[in-house]
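# Analysis of the macromolecular model
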Amino acid sequence: MNNKYRPYTLIAELTYRCPLHCPYCSNPSDLAEYGKEIDTDTWIRVFQEAEELGVIQLNLTGGEPLLRDDLELLVERARRLDLYTNLITSGVPLTFERLTRLRERGLDSVQISIQSTRGAVSDRLAGTPAFNRKLDAMRWATSLRLPLTLNVVLHRENIAEIEEFIALAEHVAADRLELANTQYLGWALKNRHALLPTREHIKWARTVAAEAKTRLRGRMEVVFVTPDYYTEYPKSCMEGWGRRFIVVNPEGLALPCHLAHTIPGLQFERVTQHRLADIWRRSSGFNRFRGEEWLPDPCRTCDRRAIDFGGCRCQAFHLMGDAGLPDPACTLAPGHHVIESARAQAGRSVSIPVLFEHRTGLGHSSR
Amino acid sequence: MNYATVRPRLSEKVRLRFDRRTDRYLLLYPETGLELNETATAIVRLCTGEWTIDEIVDHLIRSYGDVSRGEISRAVREFLAILADRGLLQGAA
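Below you will find a few notes about this structure. None of the values given here were measured: they were computed from a predicted structure.

About the criteria used
The residue count restarts for each chain, going from 1 along the sequence in the order it is written. The lettering of chains begins at A and the numbering of ligands begins at 1, in the order of writing. Local features are withheld for residues below a pLDDT of 70 in this predicted model, meaning they are given only at 70 or higher, and side-chain atom pairs are given and counted only at 80 or more; totals for whole chains, interfaces and linings count all residues. Water and hydrogen atoms were dropped before computing side-chain values, which therefore reflect all heavy atoms in the structure. Pairing between strands is defined by DSSP: at least two bridges between them are needed. Helix and strand labels come from DSSP, where a helix needs a run of H or I of at least four residues and a strand needs a run of E of at least two; each type is numbered from the N terminus. Any two residues having at least one pair of non-hydrogen atoms within 4.5 Å are treated as being in contact. Working convention: axes come from line fits to C-alpha atoms, limited for helices to the stretch in contact. Angles between N-to-C directions cover 0 to 180 degrees. Per-residue accessibility, obtained with a 1.4 Å probe over protein chains only, is compared with the maximum for each type, and a residue is labelled buried under 20%, exposed over 50%, and partly exposed between these values. Classification remark: right-handed applies to a crossover when, strands pointing away from the viewer, the course from the first strand over the helix to the second runs clockwise. We call Phe, Tyr and Trp rings a pair once their centres come within 6.5 Å, taking the six-membered ring for Trp, and we label the pair stacked below 30 degrees between planes, edge-to-face above 60, and tilted otherwise. Working rule: Lys NZ or Arg CZ, within 6 Å of ring centre, within 35 degrees of ring normal, means a charge sits over the ring.

Moving on, we get to the sheet that holds strand β9 (residues 254–255) of chain A. Residue and element names in this part refer to chain A. Strand order in the open sheet formed by nine strands is β7-β6-β5-β4-β3-β2-β1-β8-β9, with mixed pairing between adjacent strands. At either end of the open sheet lies a strand with only one pairing partner, and these are β7 (221–225) and β9. Note: strand β4 (residues 109–114) against strand β5 (residues 148–154), five bridges, orientation parallel. Bridging across to β5, Ser 113 finds its partner in Asn 151. Contacts between helix α1 (residues 40–53) and the sheet are confined to β1 (9–13), β2 (57–61) and β8 (245–248), with β1 contributing the most and set at about 165° to the helix.

What follows is about the pairing of β5(A). Remark: a regular strand shows side chains that alternate across the two faces of the sheet. All names here are of chain A. With seven of seven residues buried, β5 is to be regarded as a mostly interior element. Judged by which residues are buried, β5 turns out to be covered on both faces: Leu 148, Leu 150, Val 152 and Leu 154 on one side and Thr 149, Asn 151 and Val 153 on the other are all buried. Note that β5 and strand β6 (residues 176–181) share six bridges and pair parallel. What sits directly across from Asn 151, in β6, is Glu 178. Viewed along the sheet, the connection from β5 through helix α6 (residues 162–171) into β6 turns out right-handed.

Let us look at the packing of aromatic side chains. Residue and element names in this part refer to chain A. Per the counting criterion, the structure on display carries eight aromatic pairs over all chains. On the basis of an interplanar angle of 40° and a centroid distance of 6.1 Å, the ring pair of Trp 43 and Phe 47 is categorised as tilted. Of the two residues, Trp 43 and Phe 47 both sit in helix α1, four residues apart, roughly one turn of that helix. Taking the relative accessible area as the measure of exposure, Trp 43 reaches 0% and is therefore buried. Centroid distance Trp 241 to Phe 289: 5.1 Å. Interplanar angle 90°. Geometry classified as edge-to-face. Here Trp 241, found in the loop between β7 and β8, pairs with Phe 289, found in the loop between α11 (284–288) and α12 (305–308); they are 48 residues apart in sequence, far enough to count as distant. Of the two residues, Trp 241 and Phe 289, both sit in the buried class. Over the aromatic face of Tyr 8 sits the side chain of Arg 244, whose NZ or CZ is 4.4 Å from the ring centroid.

Here it is as structure tokens:
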């Protein structure tokens, strides 16, 4: 039994289906192997169980959550539970009427992703003509007085546009601008050679973002997320494993992060078979990297262990082959050389490769 | 912020919610929230756009008679600055 931890946020991945095909998609890269999406009643029960556990924030995401016909109903039921409900969308399959309905049912805020401020580039990165529809969606959000977050996943090909992203966010009167460098896992790791910016890019972009943050304080929140490859210490991934977040994926698998099930040897349970409270407290997968007992050297004696919790488990697995090792993003980690060599490769690549790995099948999230 | 004329009002992205786990109120906004103590909750409840900052201080003095005006005024000012910094007050930038 583990009553020490309270989840605050439920990330409900309603579907892996998506009209976009971004080369840094955060969904698992073996989507063809995924099965049936869980149904409306199951989601409603999951929301109730999450609220009873202490959850107050709900992110409805995917894939593209607008592809679920029951989204209006899910929003209504989430609001009835007094959950702060945020829709995370590409904005593509949206109409003004649908956004109005979602607002009326109690949607609290909307986050729309954008790939580039240049229409042609944006459409190429997204793999579909989406740019103008995204702009429409942003305007609709503002006109409905729905708090708007503009989300940009930064990488080598769009990081030079950072001033334009800020200008666009101001133009559409966004409440929040996330300038988040790609997390190099899943598809982004496969495409890392084409995506990872150089140290100079990052340094400049961070400065521009910091200026905007100061200038816009109180009007728009500007968040800049540096890629792990250029930080001294790792991120506190998910604010610690099984500490504040629950992800439920489209098949109903409950996870500490959206890629946790790509780590072999961990066992996770489905919300169709277990109560969320039981999973949260008893799941061996949730408990595996919780707290400090599991920490490897040098993390176990490090002063930062309560800040970053040893970093990202998926990164340790995908780069080092063992999820129980320190996140190699940390300069103190024995495996840090793999980060250094990826960084050196980014520094050497002069021109931007234009070939992204193309995918077929279900399609992937823009996030 | 001008104490006599500014009438603080919470921005639309903010929702106040009682948390039965901690017996406190939470001020929720996208991605996160603030856990409020009793004084902060009282201040937030007065950020309706009706009351000036001076009037909010007056209200609180009536409920917390044993605390000096200076102290309450400072607490209100500091807390409103926290809200404004996070964009949680309308037109406060």
